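For reference, the chains in residue letters:
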Amino acid sequence: ELFVQYLATYSYKHGRGKEKNALTYTDLSHTAEECETFQFLADILPKKILASKYLKMLEKEKRDGEVRDDNEGEEEEDEDKAVGDSVGS
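This write-up is about the structure you can find in this document. Since the model is a prediction, treat every value here as computed from it, not as a measurement.

### Considerations on the environment of L28
Phase 1 of the analysis: Relative to the helices and strands, L28 resides in helix α3 (residues 25–34).
Phase 2 of the analysis: Residue L28 is classed as buried on the basis of its relative accessible area, which comes to 19%.
Phase 3 of the analysis: Measuring from C-alpha to C-alpha, the distance between L28 and L45 comes to 7.1 Å, with 17 residues separating the pair along the chain.
Phase 4 of the analysis: When sequence neighbours within four positions are dropped, the list of residues in contact with L28 reads L7, S11, L23 and L45.

### Overview of the side chain of T31
Phase 1 of the analysis: For T31, the position within the fold is in helix α3.
Phase 2 of the analysis: Classification of T31 as buried rests on a relative accessible area of 4%.
Phase 3 of the analysis: When residues no more than four places from it in sequence are discounted, the contact partners of T31 are L7, Y10, S11 and F38.

### Section: the packing of aromatic side chains
Phase 1 of the analysis: A full pass over the atoms with the stated rule returns five aromatic pairs.
Phase 2 of the analysis: On the basis of an interplanar angle of 35° and a centroid distance of 6.1 Å, the ring pair of F3 and F40 is categorised as tilted. With F3 in helix α1 (residues 2–14) and F40 in the loop between α3 and α4 (51–88), this residue pair connects regions lying 37 residues apart in the sequence.
Phase 3 of the analysis: The exposure class of F3 is partly exposed, given its relative accessible area of 39%.
Phase 4 of the analysis: Judged by relative accessible area, F40 falls into the exposed class, the value being 54%.
Phase 5 of the analysis: Their ring planes at 35° and their centres at 5.6 Å tell us that Y6 and F38 sit as a pair that is tilted. Of this pair, Y6 sits in helix α1 while F38 is found in the loop between α3 and α4, placing the two residues 32 residues apart along the sequence.
Phase 6 of the analysis: Assessed through its relative accessible area of 0%, F38 is described here as buried.
Phase 7 of the analysis: Here the aromatic residues F3, Y6, Y10, F38 and F40 are joined through ring pairs into a cluster of three or more.

What counts and how
- Residue numbers run consecutively from 1 along every chain, following the written order of its sequence.
- Predicted model: local features are reported for residues with pLDDT of at least 70 only, side-chain atom pairs are reported and counted for 80 or more only, and whole-chain, interface and lining totals are derived from all residues.
- Excluded from the side-chain calculation are hydrogens and water; included are all heavy atoms of the structure.
- Note on conventions: DSSP H or I runs of at least 4 residues are helices, E runs of at least 2 residues are strands, and numbering of each starts at the N terminus.
- The rule is simple: take the accessible area with a 1.4 Å probe, protein chains only, and divide by the maximum for that residue type; under 20% is buried, over 50% is exposed, in between is partly exposed.
- The criterion used for residue contact is that any of the two residues' heavy atoms lie within 4.5 Å.
- Put simply, two rings from Phe, Tyr or Trp (the six-membered ring, in Trp's case) pair if the centres are within 6.5 Å, and we call them stacked under 30 degrees between planes, edge-to-face over 60, tilted for the rest.

Listed below in structure tokens is the structure:
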């Protein structure tokens, strides 16, 4: 109970909720992300993002992953050629 009270009080004092006289989820997630004491809560209280932004992030990660996969394949081919050259010598 004391921990939850401390989290709520800290979030209220250091968040925007004081302006509105209310404690919001955004205040809690900001506290979890910014305050070292509450850092372990960052996964439990993530910042909210719009679904459209999340979908864009997924698309970007997918494109980046495809680019990395293509580059890894080229590196493996180069290694195979180098091994083949040294074996043939």
